[in-house]
Amino acid sequence: MDHILLAAGLLLSAPQMRPLPRAPAAGRPVAAANTPSIVVASQGAAVIDWAAFRAALGAADVVLAGEQHDLAAHHLAQLDVLREFHALKPGLSVGLEMVDRTQQASLDDYVSGKMSEADFAAFWKKAWGYDFAIYRPVLAYAKANRIPLKGLNAPLSVIRQIAKGGMTSLTPAQRAQLPARVEQTSDARYLAYIKESLSGHGPVDPARLERMMEAMAAWNETMGQSAADALAQGPVLIIAGSGHMIFRAGINESLSRRAAAVSAVVLPYPQDGEHRPVPDLIKELQDPASKDIALGDYFQLLP
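Residues numbered from 1 in each chain as written. Predicted model: local features only at pLDDT ≥ 70, side-chain atom pairs only at ≥ 80, totals over all residues. Heavy atoms only, no water.

**Section: the sheet that holds strand S4 (residues 93-100)**
Strands pair in a sheet through their backbones, by hydrogen bonds, and they do so in one of two ways: parallel or antiparallel. The cut-off we apply is this: Two strands are counted as paired when DSSP detects at least two bridges linking them. Secondary structure elements are taken from DSSP: a helix is a run of H or I of four residues or more, a strand is a run of E of two residues or more, and numbering for both begins at the N terminus. Every axis in this analysis is a line fitted to C-alpha atoms, fitted for helices over the stretch in contact. Angles between the N-to-C directions lie between 0 and 180 degrees.
With mixed pairing, eight strands are arranged side by side in an open sheet as S2-S1-S8-S7-S3-S6-S4-S5. Of all the strands in the sheet, just strand S2 (46-48) and strand S5 (149-153) have a single pairing partner and so form its edges. Looking at each pair of strands side by side, their axes are set apart by 30° on average, direction ignored. Bridge count for strand S3 (residues 62-65) against strand S6 (residues 236-239) is four bridges, and the pairing is parallel.

Below, the structure written as C-alpha cells:
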C-alpha cells in the first residue's frame, strides 16, 4: 500500500475493514435542531440520557469525535457533539485531522470570512479529497460561531516519505514538520489493530510494514502534539477518523504524553454505517463477548 493516506484515512477510519455503504451527502441544515442520539457509555455498557452525556462532555478538556470519513450520518453526530461542547465550553477550538499544520492560514481565512465558501470547498477537495458537503455542517457551525479551526496533521508528503523510507530518510526540513518525539503506541490492542489494517490486503514485507507503522505513529503523534498546542489556549474538540482514537490510543495516547487533560472519546455506532434497529445496537454493545464496547468512552447510536 504505497499511499499512506489510504492506510490512515480509509483503513483506520473504522474498525471494520469490509466495504462500507455510503450515506447520502446531503445533510440537515446547520441551524436545524437534531434529535439527541441515544448514547451508550462504555462503563457498564449502560444507556445514559443526554443530560448525563452532556455532563460528561462538560467534565472534559478534550473531546475526540470519531468518524468514517464518507458517512454523512457520522458528521451529523459530530455536529451534535460540537453544539453541546460549544455550549459548555464557549472558548473551544476544533482540531481537524483533514488539514495539515502548514495549511492553517486557509482555515483562519475561512472562519474569518476572508475566503469564500467556494474557494474553501476547492481547498478542502485538494487538501483532503472527501466531499466537502458532508463536512460542511460541522465547518459551517464553527464559522458561524467564530470557533477557531486548527489543522492537526503533518504534511502528507512527509508521511509518504516515512512510509517509503522510514523516519531516518527524512530531510532536516521534513523532520522539523514532526514533533521532537515520535513514539509507537504502547497499547497492544491498538498496535494489533494497526498491523491488521495495514496488512489487511495480504502479506506485507516486514520492513515495509515497519515503515508504515512509523508513518502511522508520526501521523498520530503530530495530531497529538497539535492538540496539546491548541489545548494551551482552551478546550479542544478533535474531529478525526475513529481509527485514530479507538481504545483511547492514537491521538489520545499521544496527547496524554504531552498534556494533563481530561478527555472523552465519542464514537458513532455502528462504525460501518449499516442501518440496524437501536435495540439491536444496544444488544451488540452490551453483549459480554462484544469487543466494540472497549473502543471508546461513549457511543452515539445511529438507527
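**Things to note about the pairing of S3**
Rule in force here: Three exposure classes are used, based on accessible area relative to the maximum for each residue type with a 1.4 Å probe and protein chains only: buried under 20%, partly exposed in between, and exposed over 50%.
Burial of S3 is two-sided: the residues Val 62 and Leu 64 facing one way and the residues Val 63 and Ala 65 facing the other way are all buried. Bridge analysis of S3 against strand S7 (residues 263-269) gives four bridges, and the strand direction is parallel. Each residue of the ladder has a partner; that of Val 63, found in S7, is Ala 264.

**Section: the nonpolar core**
We count it as follows: Joining through side-chain atoms within 4.5 Å is the link that ties buried Ala, Val, Leu, Ile, Met, Phe, Trp, Tyr and Cys residues into a set, and such a set is a nonpolar core. Contacts between residues were defined by any pair of non-hydrogen atoms, one from each residue, lying within 4.5 Å.
Residues Ile 162, Leu 178, Ile 238, Phe 299 and Leu 301 are the most contacted members of the largest nonpolar core, which totals 49 residues. In terms of residue count, the dominant contributor to this core is helix H10 (residues 206-231) (12 residues). Those residues within four positions of Leu 178 in sequence are excluded, and the remaining contacts are Arg 101, Ala 154, Val 158, Ile 162, Met 167, Leu 170, Ala 218 and Thr 222. Counting residues in hydrophobic clusters, the runner-up holds 43 residues, among them Trp 50, Val 81, Phe 120 and Ala 264.

**A closer look at the pattern of salt bridges**
This is how it is decided: A side-chain nitrogen of Lys or Arg and a carboxyl oxygen of Asp or Glu constitute a salt bridge if their distance falls within 4 Å.
Per the counting criterion, the structure on display carries 12 salt bridges. Residues Glu 183 and Arg 257 are paired through a salt bridge, measuring 3.7 Å at the closest nitrogen-oxygen approach. Highlighted residues: Glu 183 in the loop between helix H8 (172-175) and helix H9 (188-198) and Arg 257 in the loop between helix H11 (251-256) and S7, separated in sequence by 74 residues. Residue class for Arg 257 comes out partly exposed when judged on its relative accessible area of 27%. Beyond isolated ion pairs, a larger network of salt bridges with shared partners links Arg 181, Glu 183, Glu 221, Glu 253, Arg 257 and Arg 258.

**As for H10**
Which entries qualify depends on this criterion: Here, expected helix span is obtained from the residue count minus one, scaled by 1.5 Å. We call two N or O atoms a polar contact when they sit within 3.5 Å, provided that within protein one can donate a hydrogen and the other can accept it, with sequence-adjacent residues counted only if both atoms are side-chain atoms.
Between the first and last C-alpha of H10 there are 37 Å, a value that for 26 residues agrees with the 38 Å anticipated at 1.5 Å per step. Measuring from the backbone nitrogen of Ala 207 back to the side-chain oxygen at the start of H10 gives 3.1 Å, which picks out Asp 205 as the cap.

**Observations concerning unusual backbone geometry**
Note that the residue after Tyr 269, namely Pro 270, is joined by a cis bond; omega there is 10°. By the secondary structure assignment, Pro 270 is in the loop between S7 and helix H12 (278-286). Unusually for a residue other than glycine, Ala 45 sits at a positive phi of about 50°. Mapped onto the elements, Ala 45 comes out in the loop between strand S1 (38-41) and S2. You can call Ala 45 buried: its relative accessible area is 12%.

**Section: the confidence of the model for the protein chain**
Just so we agree on the cut-off: For every residue, the pLDDT score states the predictor's confidence, bounded by 0 at the bottom and 100 at the top.
Averaged over the protein chain, the pLDDT score is 89; the fraction of residues at 70 or greater is 87%. Between residues 1-33, whose pLDDT stays under 50, and residues either more than four places distant or in other chains, the model counts 96 contacts.

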